[in-house]
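# A closer look at the structure
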Amino acid sequence: METLGKEIYRERDEQGWICVHDDGVRRYLTFGNQVEQSCMLLGDPLRPEHTHIQAMMLGVLFTRPPERATLLGLGGGSLAKCLLHLYPRCRVQALEQRARVVAVARDYFALPHDPRLCVRIADAGAYLALLSHSGSRHPGLQVAQRYSKLARDLHPELPGRLAHLAWLDYDAGLYRVHKWRGRHFERSVTSRYTQCPN
């Protein structure tokens, strides 16, 4: 991994590798391969380096300043840092499946301990599923509905009554369909989302 600089941190959790590389100008988060999950400019840690983060921030320019944002995945925290810096009234909720990724974001990518930032250790797909089945009018519902449509389009063999409950999960290059499982699922997901104040 010479292209990403010197490896300065590596650990393995139950989901795989978490690695940090530093080339003296930028710091990179990877999951044990060459794919950059996050990138931080060492001289300007608040500047979004990846074009997809820049594109997400571009969308905010055309609306009133956000008061709340929910991030599906934290990574190194580039988007969270940017939102917190540019919008002092914005409260950011980030869902990250891996607790050690949160620790690495704080230790190596300057993710602040800010009262406006609430990081939840939770599966984003489960959160979206809960939103889509809760009757919520939350903006995340649109995202949830989009994922359900993708699942239905890719898996037309699902019975009609289950099709809207399908979720995609990328697993070693294959898509699997998960079905929402009623109260048990709702209880397990809801208990994970009670850690942060509204």
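Here the structure is a predicted model, which is why all the values come from computation and not from measurement.

### Brief notes about helix H3 (residues 99-108)
- Buried residues of H3: Val101, Val102, Val104 and Ala105, and no others. Taken end-on, H3 shows its buried residues confined to a sector of 165 degrees, consistent with a single buried face.
- Its buried side turned inward, H3 meets strand E1 (6-13), strand E2 (16-22), strand E3 (26-30), strand E6 (91-96) and strand E7 (117-121).
- Positive phi appears at Ala110, one or two residues downstream of H3, with a value of about 60 degrees.

### Focus: the packing of aromatic side chains
- Counting across every chain of the model gives one aromatic pair.
- Pairing Tyr9 with Tyr108 gives two aromatic rings, centres 5.0 Å apart and planes at 45 degrees, and the pair type is tilted. In this pair, Tyr9 sits in strand E1 while Tyr108 sits in helix H3, placing the two residues 99 residues apart along the sequence.
- The class for Tyr9 is buried, based on a relative accessible area of 16%.
- Assessed through its relative accessible area of 21%, Tyr108 is described here as partly exposed.
- In this arrangement the basic side chain of Arg10 is found over the ring face of Trp17, its NZ or CZ atom lying 4.6 Å from the centre.
- Across from the ring centre of Phe31, 4.6 Å away, lies the NZ or CZ of Arg98, which sits over that ring.

### Some points on the pairing of E2
- A large share of E2 lies buried, amounting to six of its seven residues.
- The sheet contact formed by E1 and E2 spans seven bridges and is antiparallel. The residue bridging Tyr9 from the neighbouring strand is Val20, located in E2.
- Here E1 hands over to E2 after two residues, the two strands then running antiparallel side by side.

### Quick word on the sheet that holds E1
- One open sheet accounts for four strands, arranged E1-E2-E3-E4; its pairing is antiparallel. The open sheet has two free edges, formed respectively by E1 and strand E4 (36-41), since each of these has just one partner strand. Here the strands of the sheet are splayed against their neighbours by 15 degrees on average, with no regard to which way each runs.
- Pairing of E2 with E3, which is carried by four bridges, proceeds in the antiparallel orientation. Looking at the pairing, Asp22 lines up with Arg27 of E3.
- In the packing of H3 onto the sheet, the strands contacted are E1, E2, E3 and E4, and the crossing angle to E1 comes to about 155 degrees.

### Some thoughts on unusual backbone geometry
- Phi at Ala110 is positive, roughly 60 degrees, even though this residue is not glycine.
- Along the chain, Ala110 falls in the loop between H3 and E7.
- By relative accessible area, Ala110 is classed as partly exposed at 43%.

### Comments concerning helix H2 (residues 78-86)
- By the criterion of burial, H2 is predominantly enclosed, with seven of the nine residues buried.
- Every buried residue of H2 is accounted for by Ser78, Leu79, Ala80, Lys81, Cys82, Leu83 and Leu84.

Rules of the game
- The written sequence of each chain sets the order in which its residues are numbered from 1.
- Thresholds applied to this predicted model are a pLDDT of at least 70 for local features of residues and 80 or more for the giving and counting of side-chain atom pairs; totals over whole chains, interfaces and linings are not thresholded and use all residues.
- Excluding hydrogens and water, the side-chain figures rest on all heavy atoms present in the structure.
- Buried means the residue's accessible area, taken with a 1.4 Å probe over protein chains only, is under 20% of the maximum for its type, while exposed means over 50%, and partly exposed covers the values in between.
- Helix and strand assignments come from DSSP, with helices taken as H or I runs of at least 4 residues and strands as E runs of at least 2, each series counted from the N terminus.
- Picture the helix axis, draw a direction to every C-beta atom, and the arc is the one those directions span.
- Any pair of residues with heavy atoms lying within 4.5 Å of one another is described as a contacting pair.
- Stacked, tilted and edge-to-face are the three classes assigned to paired rings of Phe, Tyr and Trp, where Trp is represented by its six-membered ring and a pair needs centres within 6.5 Å; plane angles under 30 degrees give stacked, over 60 edge-to-face, the rest tilted.
- Think of it as a cone above the ring: NZ of Lys or CZ of Arg counts as a charge over the ring if it is within 6 Å of the ring centre and within 35 degrees of the ring normal.
- Here, a strand pair is defined by DSSP locating no fewer than two bridges between the strands.
- To get an axis, a line is fitted to the C-alpha atoms, and for a helix only the part in contact is used. The angle between two axes follows their N-to-C directions and goes from 0 to 180 degrees.

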